[in-house]
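Per-entry structural report
Now for the letters of each chain:
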Amino acid sequence: MNDVVAVIGGGIGGLTAATALAAQGFAVRVVEQAPEFSEIGAGIQLGPNLLRALDHLGLRDRVLANAWAAPNLRVNDSVDGQPIDCIPVGDGFRERFGQPYALTHRADLLATLQEACQANPAIELMTGCRVDALHEESDRVVIGLAGGETLEAPTVIGADGLWSRVREHVIGDGKPRVTGHIAYRGVLAADDVPEDLWSPDMTIWLGPRTHLVHYPLRRGTLYNLVAVFHSDRYTEGYDEVGEVEELWRHFDGAHQSVRALLERIDVWKYWVLCDRLPRRGWTTGRMTLLGDAAHPMLQYLAQGAGMAIEDGLRLALELARAEGDPQVALPRYEEQRVLRTGRAQIMARLYGEAFHADSVTRELRNEMLRARTPEQSWDSMAWLYDHDPVAREPQVA
Ligand SMILES: Cc1cc2nc3c(=O)[nH]c(=O)nc-3n(C[C@H](O)[C@H](O)[C@H](O)COP(=O)(O)OP(=O)(O)OC[C@H]3O[C@@H](n4cnc5c(N)ncnc54)[C@H](O)[C@@H]3O)c2cc1C
């Protein structure tokens, strides 16, 4: 097998797909628009399903080397400051799911994937190449780059993210939905976090139409903060400097611990959070989508990258199973992935509503979460965390 597979986009999904494809004997060309492979300066949660997929690629321990292992996922009410839930994610969790829960810096995750690609002679990494046009012929796809140059490949994977050019060509269903949820992100040096506010846990403070997440990063040397609120003022934008006054207005009634943490960050970067409803049709004869290009979701389940990584692995296995024939493999891949990723898209929306509940809904949420045992909390996530992308879904081809 030595067909070249072109992967458009060198983010977490694209670089994982390249590694997985090369492991199955394919030659891969990654075409990235940015001058270098890079991730934004913020944290990312690595669920056990994501780590299981990386384990299959031999990359899990390298990723864990720089990560933080929180003992608990802690949920507090940011109106009255009271604890709502505390889910242990230490040894018992690891035993239950066969993998840990970890927190890491996005740049560290991407660097591990990039190093794996660079070390593999079957993978060619191209940067500074923006894909502008695609033209599918009977035996190949012609890829037009912004500078006028063209490339060709028999199989093309669109791993080009939320604003995917490949999706425009394959599905053509317009822009993603602007949800009105805005994320402000900041990272502190651990020494800048007041001692009484530092916690080894991944902590979420839930408030009406707001929440704050914080956790340590990079073996505890950094502290990641993500503050989310609702606003109709933003239409598009990411990684841009946010207005501190606006953040303060939304967190006006939040508990004093939340406000004390928010105060420590001088420069916030904001993201307008977008998603889509699940749908089929990611695949034409020789092209398919993965990651945010295929199924963008809100961040409330902390699973967008997890789904992209699972996609990459499953895609490579399907191409190998079909001996490199995209017309056989790509529809199978989509069928294997569409319900699982669709469930994550829908559940992320529902979790968002529960996170930001007010009034009686807030009281009910707190009552229900407080009544759960740790085992019940784990069981509620089993559909997500138990998944192994190497095992095919039994009910589909
Ligand atoms: C606030 C927030 C918190 C999150 N937290 C988590 C979390 O804790 N855990 C988790 O699993 N997920 C989380 N996610 C989701 C996760 O970040 C994304 O789902 C994931 O990064 C998607 O990866 P991707 O490779 O599909 O897309 P991207 O990371 O967007 O990569 C796409 C790549 O394609 C390139 N590209 C785009 N267009 C072109 C073109 N025309 N030509 C060539 N290259 C192109 C881009 O430059 C980029 O490098 C979070 C998201 C947000 C917004």
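Quick note: structure is the one above.
Everything in this summary refers to the structure shown in the same document. Because the structure is predicted, anything quoted here is derived from the model rather than measured.

**Remarks on the overall build of the protein chain**
The helix and strand inventory of the protein chain stands at 13 helices and 18 strands. In terms of overall dimensions, the protein chain has C-alpha extents of about 65 × 45 × 40 Å along its principal axes. The buried share among the 397 residues of the protein chain stands at 56%. Residue pairs at least 24 apart in sequence account for 75% of intrachain contacts in the protein chain once pairs closer than 6 positions are excluded. For the protein chain, the computed accessible surface area is about 16400 Å², with 48% contributed by carbon and sulfur atoms. Positive and negative side-chain charges of the protein chain, numbering 39 and 56 respectively, have mean locations separated by a distance of 3 Å.

**A look at the environment of G47**
Tracing the backbone through its elements, the reader meets G47 in the loop between β3 (43–46) and α2 (48–56). C-alpha of G47 to C-alpha of P176: the two residues are 129 residues apart in sequence and 25 Å apart in space. Discounting residues that sit within four places of it in the chain, G47 has contacts with P100, Y101 and Q303.

**Things to note about the sheet that holds strand β10 (residues 150–153)**
Whether parallel or antiparallel, the strands of a sheet pair through hydrogen bonds between backbone atoms. As summarised here, the arrangement of the three strands in space is β8-β9-β10, forming an open sheet in which the pairing is antiparallel. The open sheet has two free edges, formed respectively by β8 (131–136) and β10, since each of these has just one partner strand. Each strand axis lies, on average, 20° off the axis of its neighbour in the sheet, ignoring direction.

**Concerning the nonpolar core**
Of all hydrophobic cores here, the largest spans 66 residues; its most connected members are L54 and I143. Beyond its immediate chain neighbours, meaning those up to four positions away, L54 contacts L59, R60, V63, L109, L113 and I309. Formed by 40 residues, the second largest nonpolar core is a distinct cluster that contains L73, F93, M202 and V213.

**Focus: the pattern of salt bridges**
When the charged atoms of two side chains lie near each other, side chains of opposite charge can form a pair. Inspection of the entire model under this criterion finds 28 salt bridges. A salt bridge links R372 to D85, with the nearest nitrogen and oxygen atoms 2.8 Å apart. Of the two residues, R372 sits in the loop between α11 (359–370) and α12 (374–380) while D85 sits in strand β5 (residues 83–88), which places them 287 residues apart along the sequence. By relative accessible area, which is 8% here, D85 ends up buried. For the salt bridge of D275 with R349, the shortest nitrogen-to-oxygen distance reads 2.7 Å.

**Focus: the side chain of H105**
In this fold, H105 is placed in strand β6 (residues 102–105). Apart from the residues lying within four places of it in its own chain, the contact partners of H105 are I40, G41, A42, G43, L217, R218 and L222.

**With respect to the packing of helix α9 (residues 304–321) against helix α10 (residues 326–355)**
Orientation of α9 relative to α10, taken along the N-to-C sense of each, is 155°, at an axis distance of 8 Å. By the angle between their directions, the pair α9 and α10 is classed as roughly antiparallel. The two elements α9 and α10 cross, and the hand of that crossing is right-handed. Within the contact between the two elements, α9 uses M307, E310, D311, R314, L315, E318, L319 and R321 and α10 uses P326, A329, L330, R332, Y333, Q336, R337, R340, T341 and A344. Broken down by class, the residue content of the contact of α9 with α10 amounts to eight nonpolar, two polar and eight charged.

**Some words on the sheet that holds strand β7 (residues 123–126)**
Sheet architecture is open: five strands sit in the order β7-β2-β1-β11-β18, paired in parallel fashion. Strand pairing shows two members of the sheet lacking a second neighbour, β7 and β18 (287–289), which therefore form its edges. Adjacent strand axes in the sheet meet at a mean angle of 20° when their direction is disregarded. Bridging between strand β1 (residues 4–8) and strand β11 (residues 155–158) involves four bridges; their strand directions are parallel.

Reading the values: the criteria
- What you see as residue numbers is a count from 1 along each chain, following the sequence as written.
- Under the rules for a predicted model, residues below a pLDDT of 70 receive no local features and side-chain atom pairs below 80 are neither given nor counted, while totals for whole chains, interfaces and linings still include all residues.
- To obtain the side-chain values, all non-hydrogen atoms of the structure were used and water was disregarded.
- Note on conventions: DSSP H or I runs of at least 4 residues are helices, E runs of at least 2 residues are strands, and numbering of each starts at the N terminus.
- The cut-offs for exposure are 20% and 50% of the maximum accessible area for each residue type, with area from a 1.4 Å probe on protein chains only; residues under the lower value are buried, those over the upper are exposed, and the others partly exposed.
- Whether two residues are in contact is decided by their heavy atoms: any pair within 4.5 Å suffices.
- Surface accessibility follows the Shrake-Rupley procedure with a 1.4 Å probe radius. Residue values consider only the protein chains on display as shielding.
- The convention is simple: Lys and Arg are positive, Asp and Glu are negative, and His and the chain ends are not counted.
- Throughout, a charge is located at the NZ atom of Lys, the CZ atom of Arg, the CG atom of Asp or the CD atom of Glu.
- Whether two strands pair comes down to DSSP finding at least two bridges between them.
- Here an angle of 0 to 180 degrees is reported between the N-to-C directions of two axes, which are lines fitted to C-alpha atoms, with helices fitted over the stretch in contact.
- To qualify as a nonpolar core, a set must consist of buried Ala, Val, Leu, Ile, Met, Phe, Trp, Tyr and Cys residues joined through side-chain atoms within 4.5 Å.
- Whenever Lys or Arg places a side-chain nitrogen within 4 Å of a carboxyl oxygen from Asp or Glu, that contact is recorded as a salt bridge.
- To sort the angles, those under 35 degrees are grouped as roughly parallel, those over 145 as roughly antiparallel, those from 65 to 115 as roughly perpendicular, and the leftovers as oblique.
- We call a crossing left-handed when the near helix sits turned anticlockwise from the far one by less than a right angle, and right-handed when that turn is clockwise.
- Throughout, the ten residues Ala, Val, Leu, Ile, Met, Phe, Trp, Tyr, Cys and Pro are labelled nonpolar, Asp, Glu, Lys and Arg are labelled charged, and all others, Gly among them, are labelled polar.

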